[in-house]
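# Coordinate inspection notes
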Amino acid sequence: MFIVIGRRKYNSLVWSICLLVTGFSNLKADENLGLCKNNLPADHVLNVDSPSLATCNLALKNSEDMTTTTSLAVVLYDEDKILPHELTSRTFYLADEKFVIEQNWQGVGVAAVVWDSAVVLGEYLQDHRHLIQGKKVLELGAGTGLAGMVAAALGADVIVTERESAMPHLTSTVLANSPNRKHWKIKASVLDWTQPIHYKTYSDVDVVLGADIIYIEETFNDLLKVLMSLTYNRIVQVLLSCKIRYDRDRNFLKMMEEHFSINEIYEDHSRHIKILSLQRL
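- The name recorded for the chain in an unreviewed UniProt entry is Protein N-lysine methyltransferase METTL21A-like isoform X1, from Biomphalaria glabrata.

### Side note on the overall build of the chain
- Counting its regular elements, the chain contains 7 helices and 13 strands.
- The buried share of the chain, taken over its 281 residues, is 46%.
- Look at the contacts in the chain between residues 6 or more apart in sequence, and 68% of them connect residues 24 or more apart.
- Within the structure as shown, the chain displays about 14900 Å² of accessible surface, and the carbon and sulfur contribution to it stands at 50%.

### A word on the layout of surface pockets
- Considered as a void within the structure, the largest pocket measures approximately 580 Å³ in volume.
- Lining the largest pocket are 26 residues, with Gly-141, Glu-162, Arg-163, Ile-213 and Tyr-215 sitting closest to its centre.

### As for the sheet that holds strand 11 (residues 237–242)
- In spatial order, the strands read 9-8-7-10-11-13-12; together these 7 strands make up an open sheet with mixed pairing. Taken across any chain shown, the strands that pair with only one partner, and hence form the sheet edges, are strand 9 (185–190) and strand 12 (260–268). Strand-to-strand twist across the sheet, computed as the mean angle between neighbouring axes with direction ignored, equals 20°.
- Relative to strand 9, strand 8 (residues 157–162) is paired through 6 bridges, and the arrangement is parallel. Bridging from a neighbouring strand, Thr-161 pairs with Ser-189 of strand 9.

### Quick word on the packing of aromatic side chains
- All told, the structure shown has 4 aromatic pairs when counted by the stated rule.
- Ring centres of Tyr-124 and Tyr-266 lie 5.6 Å apart, and the angle between their planes is 45°; on these two criteria the pair is classed as tilted. A residue pair is termed long-range when its members are at least 10 positions apart, and Tyr-124 in helix 3 (residues 116–127) and Tyr-266 in strand 12 qualify at 142 residues.
- A cation over a ring is seen here: Arg-181 above Phe-99, with NZ or CZ 5.9 Å from the ring centre.

### Concerning unusual backbone geometry
- We note that Asp-212 has phi near 55°; this positive angle belongs to a residue other than glycine.
- One non-glycine residue, Arg-234, lies in positive phi territory at about 65°.
- With respect to the secondary-structure elements, Arg-234 resides in the loop between helix 6 (220–230) and strand 11.
- Among the residues examined, Arg-234 registers a relative accessible area of 44% and is labelled partly exposed.

### Considering the pairing of strand 13 (residues 273–280)
- With 6 of 8 residues buried, strand 13 is to be regarded as a mostly interior element.
- The sheet contact formed by strand 11 and strand 13 spans 6 bridges and is antiparallel. Considered in strand 13, the bridge of Val-238 is made with Leu-278.
- The sheet contact formed by strand 12 and strand 13 spans 8 bridges and is antiparallel. Its bridge partner being in strand 13, Glu-267 is matched across the sheet by Lys-274.
- In textbook terms, the turn of a hairpin is the stretch between consecutive antiparallel strands, and for strand 12 and strand 13 this stretch comprises 4 residues, one of which, His-272, has a positive phi near 60°.

Cut-offs used in this document
Residues numbered from 1 in each chain as written. Predicted model: local features only at pLDDT ≥ 70, side-chain atom pairs only at ≥ 80, totals over all residues. Heavy atoms only, no water. Helix = DSSP H or I, 4+ residues; strand = E, 2+ residues; numbered from the N terminus. Buried < 20%, exposed > 50% of the residue type's maximum accessible area, 1.4 Å probe, protein only. Contact = heavy atoms within 4.5 Å. Areas by Shrake-Rupley, 256 points an atom, 1.4 Å probe, with all protein chains shown as cover. 1 Å grid on protein atoms, 1.4 Å probe; cavity = no way out; pocket = protein on both sides within 12 Å on 5 of 7 lines; lining within 4 Å. Points joined across faces, edges and corners; volume = space filled by probe spheres on them. Pairing = 2+ DSSP bridges. Axes fitted to C-alpha atoms, helices over the stretch in contact; angles between N-to-C directions. Phe/Tyr/Trp six-rings, centres within 6.5 Å; stacked < 30°, edge-to-face > 60°. Lys NZ or Arg CZ within 6 Å of the ring centre and 35° of its normal.

This is the structure we're talking about:
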């Protein structure tokens, strides 16, 4: 049996609990066992019925079920082992600013989480601020808006966009991070990829940003149409930060090559993320 001590229960602890245990049996109760039994609440006890990883069965079990023939392994709660997307809040220091991003993976999903592609794009903009400084920038599928806020901190006039359902979280994140930055020019706006965009709507945009927006195959055709509309004048530069995971992602880029010149301008090898620069043909 394993007992997990911690302030919260996380699915990500499953891997730390499912350890191979062999050779423990017929142990007598002692003072340590009694101490664990008397001080741990029942909802912090996880039962492993089999020592085999293949049959590792996690179930809540009342601490009263402990017997003198049970061996214990205590795994202490360690926040450093919690997956980044499960944290309720994350802090970043970019463009000489502090960004505190509240996350809501359980409530809003992928749009309310800071993904590595957004962090890498923010870092890249920080080091290449000339690409966006003093320019009109639009971020597609902004999520929490980190990349867009970094652009605003670097002197860009920014619109961060998302689908309607993700707007409350995006808007609140931008407001929470910008009240004392009066020099920032940033606003949040709905942009539904499934709806046609008139080319004049964003005619003043100079740069389009996208962080990890190439991942749902069903959106690829709509995303291509949006990018075509935003780059109608063939001057707009598109910067995409992406982790290419599957063949379908590579197929999408091949489809994009029919309309855009695509150049890889940066790669973060540790996080397997590339930044691509697209220019309309």
